[in-house]
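Working through the structure, step by step
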Amino acid sequence: MQWKPLALALGILADLGHGQGTMPMMRFQCSQLVVERLDPLVNPGTAPSPHLHQIVGGNSFNISMDPATHDLPTASTCTSCTFSEDFSNYWTAVMYFRARNGTFTRVPQLPNQGLEGNGGITVYYIAPSNKKAAVTAFKPGFRMLVGDAARSSASGPARKICHRCMPTSGDNKNINCGSPDGPTFPKGFCAGGIRTIITFPTCWDGKNTDSPDHSSHVTFAKGAAQNDVGPTGSCPASHPVVIPQLMYEIIWDTKAFNKKELWPEDGSQPFVWSTGDTNGYSQHGDYVFGWKGDSLQKALDQRCTGDTCAALKTQTTEEAVKCTKSRDVQEEVDGWLTNLPGDRMLF
Ligand SMILES: *[C@@H]1O[C@H](CO)[C@@H](O)[C@H](O)[C@H]1NC(C)=O
Ligand SMILES: *[C@@H]1O[C@H](CO)[C@@H](O)[C@H](O)[C@H]1NC(C)=O
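Below is a summary of the structure that appears in this document. Everything numeric here is computed off the predicted structure, so don't read it as measured data. In this numbering scheme, every chain counts its residues from 1 along its sequence in written order. Labels follow written order: the first chain is A, the first ligand is 1, and so on. Only residues with pLDDT of 70 or above have their local features reported here, since the model is predicted, and side-chain atom pairs are shown and tallied only from 80 upward, although totals for entire chains, interfaces and linings are computed over all residues. Note that the side-chain values use all heavy atoms of the structure and ignore hydrogens as well as water.

1. Concerning the state of the cysteines
Should the sulfur atoms of two cysteines be covalently bonded, the bond is a disulfide. When two cysteine sulfur atoms are found within 2.5 Å, that pair is recorded as a disulfide. Tallied over the full model, the rule gives 6 disulfides. Across the disulfide from cysteine 162 sits cysteine 177; the S-S distance is 2.0 Å. As the torsion about the S-S bond is roughly -90 degrees, the cysteine 162-cysteine 177 disulfide counts as left-handed. Linking cysteine 162 in strand 10 (residues 161-165) with cysteine 177 in the loop between strand 10 and strand 11 (194-199), this pair joins segments that are 15 residues apart in sequence. Given the relative accessible area of 2%, cysteine 162 is considered buried. With its sulfur 2.1 Å from that of its partner, cysteine 304 forms a disulfide with cysteine 309. Taking the sign of the S-S torsion, 60 degrees for the link of cysteine 304 and cysteine 309, the bridge is right-handed. Each member of the pair, cysteine 304 together with cysteine 309, is buried. Runs of H or I in DSSP of at least four residues are treated as helices and runs of E of at least two as strands, each being numbered from the N terminus. Only protein chains enter the area calculation, which uses a 1.4 Å probe; residues under 20% of their type maximum are buried, those over 50% are exposed, and those in between are partly exposed.

Shown next, in the form of structure tokens:
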């Protein structure tokens, strides 16, 4: 099903916030490539990395991914994303459920509303709603990170990373990270699971494809509110180039755990990130650009919306879910685990 008709049917596009009207947003499924303890952006060359990630996209994902030599479109033979020229990699922390007896089990993932596939991530590239405004696709070698795996409180710079307690169907309100979404895990049962929303900055310094903290070559626009969607506000002189807003959504299928007898007796919520975080602040998103040639720029210029685009090649769900990768780090991540992968301490 196409996103636009679906969204229109649900009256969603009209309400993206702040009178932005219809937002040109590519929105597509990237199914699970692999779930493993690797992080070639923050811990290149290190296997295993400190905590577990779920990774989608091109199958050239590996331990090192040196930007000088690793060309994702040529090194990959397939991608788990709908757009078959997108060999980028996208990854996030993983959700676990902690049982009363202290063991952990990984929470399954579902494709988002209107999409099909195997878990993974819904990826958005959002262009400015003004059709004449310039938007510059990422360059080969570009990578970035949003969020902080060590974050344990609400203090610190505002980041558009949040959770939505999903209703049985639909997504209730479409203003991501506005109320009732929050940076912490929801406190009660969520009939439709929990959705993580991870929103990347929209302003680039125009020079560096990476930076030592993998974040300071990009920044959020001035005047961009927590719940704005797409490039809005104005980019500061230090980061003058408007880039598409990359956004991830992940649906964690917590429904099997919606039972009072499974939740902690003290009434607290039972979910933890693979970082060890019991509150929810440490979710983060990593991105390594890997679109073939100028395909992404063409799609942005055409203001493509949803998961079909005249400028791009697509593949079927059956083809996309076939693109998986075996783990380089051999360890158990499923079943009932005594410790989180990497023996993460809870915080
Ligand atoms: C990672 O992939 C690149 C490109 O395919 C390859 O040259 C390199 O040897 C791989 N590194 C590891 C550690 O597998
Ligand atoms: C711990 O609790 C889970 C969930 O109730 C259960 O499936 C698992 O078998 C238990 N493990 C042990 C060692 O008791």
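2. Some details on the environment of asparagine 101
Relative to the helices and strands, asparagine 101 resides in the loop between strand 5 (95-98) and strand 6 (104-106). Overall, the relative accessible area of 61% leaves asparagine 101 in the exposed class. Residues asparagine 101 and threonine 338 lie 237 residues apart in sequence; the distance between their C-alpha atoms is 9.3 Å. Contacts described as polar in this section are N or O atom pairs within 3.5 Å, which, within protein, must combine one atom able to donate a hydrogen with one able to accept it, while residues neighboring in sequence count only if both atoms come from side chains. Separated by 2.9 Å, the side chains of asparagine 101 and threonine 103 make a polar contact.

3. What about the nonpolar core?
Grouping buried Ala, Val, Leu, Ile, Met, Phe, Trp, Tyr and Cys residues that are joined through side-chain atoms within 4.5 Å yields what is termed a nonpolar core. Membership of the largest hydrophobic core comes to 49 residues, with the highest contact counts inside it found for Met26, Phe28, Tyr90, Tyr125, Tyr287 and Trp291. At 4 residues, the largest contribution of residues to this core is made by strand 15 (residues 245-252). If you look at the next biggest cluster of nonpolar residues, it comprises 14 residues, including Ile55, Phe87, Val288 and Cys323.

4. Overview of the sheet that holds strand 16 (residues 271-273)
Strands qualify as paired when DSSP identifies two bridges or more between them. If you trace the 3 strands from one edge of the open sheet to the other, you get 6-5-16, paired in antiparallel fashion. Each edge of the open sheet is held by one strand with a lone partner, namely strand 6 and strand 16. With direction set aside, neighbouring strand axes in the sheet form an average angle of 35 degrees. Sheet topology note: the strand 5/strand 16 ladder contains 3 bridges and is antiparallel. Among the inter-strand pairings, phenylalanine 97 is bridged to a residue of strand 16, identified as phenylalanine 271. Fitted lines through C-alpha atoms give the axes, limited to the stretch in contact for helices. The angle between two N-to-C directions lies from 0 to 180 degrees.

5. Things to note about the environment of alanine 93
Among the secondary structure elements, alanine 93 is positioned in strand 4 (residues 89-93). Separated by 192 residues in sequence, alanine 93 and glycine 285 have C-alpha atoms that sit 7.6 Å apart. Each residue touching alanine 93, except ones within four places of it in the same chain, is listed here: Leu52, His53, Gln54, Trp252, Trp273, Ser274, Gln283 and His284. Here a residue-residue contact requires only that any non-hydrogen atoms of the pair lie within 4.5 Å.

6. A look at the packing of aromatic side chains
Aromatic ring pairs: the centre-centre distance and the angle between the two ring planes describe each pair. Put simply, two rings from Phe, Tyr or Trp (the six-membered ring, in Trp's case) pair if the centres are within 6.5 Å, and we call them stacked under 30 degrees between planes, edge-to-face over 60, tilted for the rest. Scanning all chains against the criterion turns up 24 aromatic pairs. Ring centres 4.9 Å apart and planes at 80 degrees place the aromatic pair phenylalanine 189 and tryptophan 263 in the edge-to-face group. Placement of phenylalanine 189 in the loop between strand 10 and strand 11 and of tryptophan 263 in the loop between strand 15 and strand 16 is noted, with a sequence separation of 74 residues between them. According to the relative accessible area criterion, phenylalanine 189 is partly exposed, its value standing at 42%. Note on tryptophan 263: relative accessible area 6%, which makes it buried. An aromatic cluster is present here, built from Phe28, Phe83, Tyr90, Tyr125, Phe138, Phe142, Phe200, Trp204, Tyr248, Tyr287, Phe289 and Trp291 joined pairwise through their rings.

7. What about the site of ligand 2?
We define proximity as follows: a residue is near a molecule or strand when any one of its heavy atoms falls within 4 Å of that partner. Looking at ligand 2, the residues that line it are Ala99, Asn101, Thr103 and Trp336. Asparagine 101 places a side-chain nitrogen or oxygen 2.4 Å from an oxygen atom of ligand 2. Residues belonging to the shell around ligand 2 are distributed by class as follows: 2 nonpolar, 2 polar and no charged. In this classification, Asp, Glu, Lys and Arg are treated as charged, Ala, Val, Leu, Ile, Met, Phe, Trp, Tyr, Cys and Pro as nonpolar, and every other residue, Gly included, as polar.

8. With respect to the pattern of salt bridges
Salt bridges are counted wherever a side-chain nitrogen of Lys or Arg sits within 4 Å of a carboxyl oxygen of Asp or Glu. Within this structure, the stated rule accounts for 12 salt bridges. When the shortest N-O distance is used, the salt bridge between aspartate 253 and lysine 255 registers 2.9 Å. The exposure class of aspartate 253 is buried, given its relative accessible area of 16%. Judged by its relative accessible area of 39%, lysine 255 falls in the partly exposed class. The partner of aspartate 294 in a salt bridge is lysine 298, and the shortest N-O contact between them spans 3.4 Å. Residue class for aspartate 294 comes out partly exposed when judged on its relative accessible area of 44%. Given a relative accessible area of 44%, lysine 298 falls into the partly exposed group. Each of Arg164, Asp171, Asp181, Arg195 and Glu249 takes part in a single network of salt bridges with overlapping partners.

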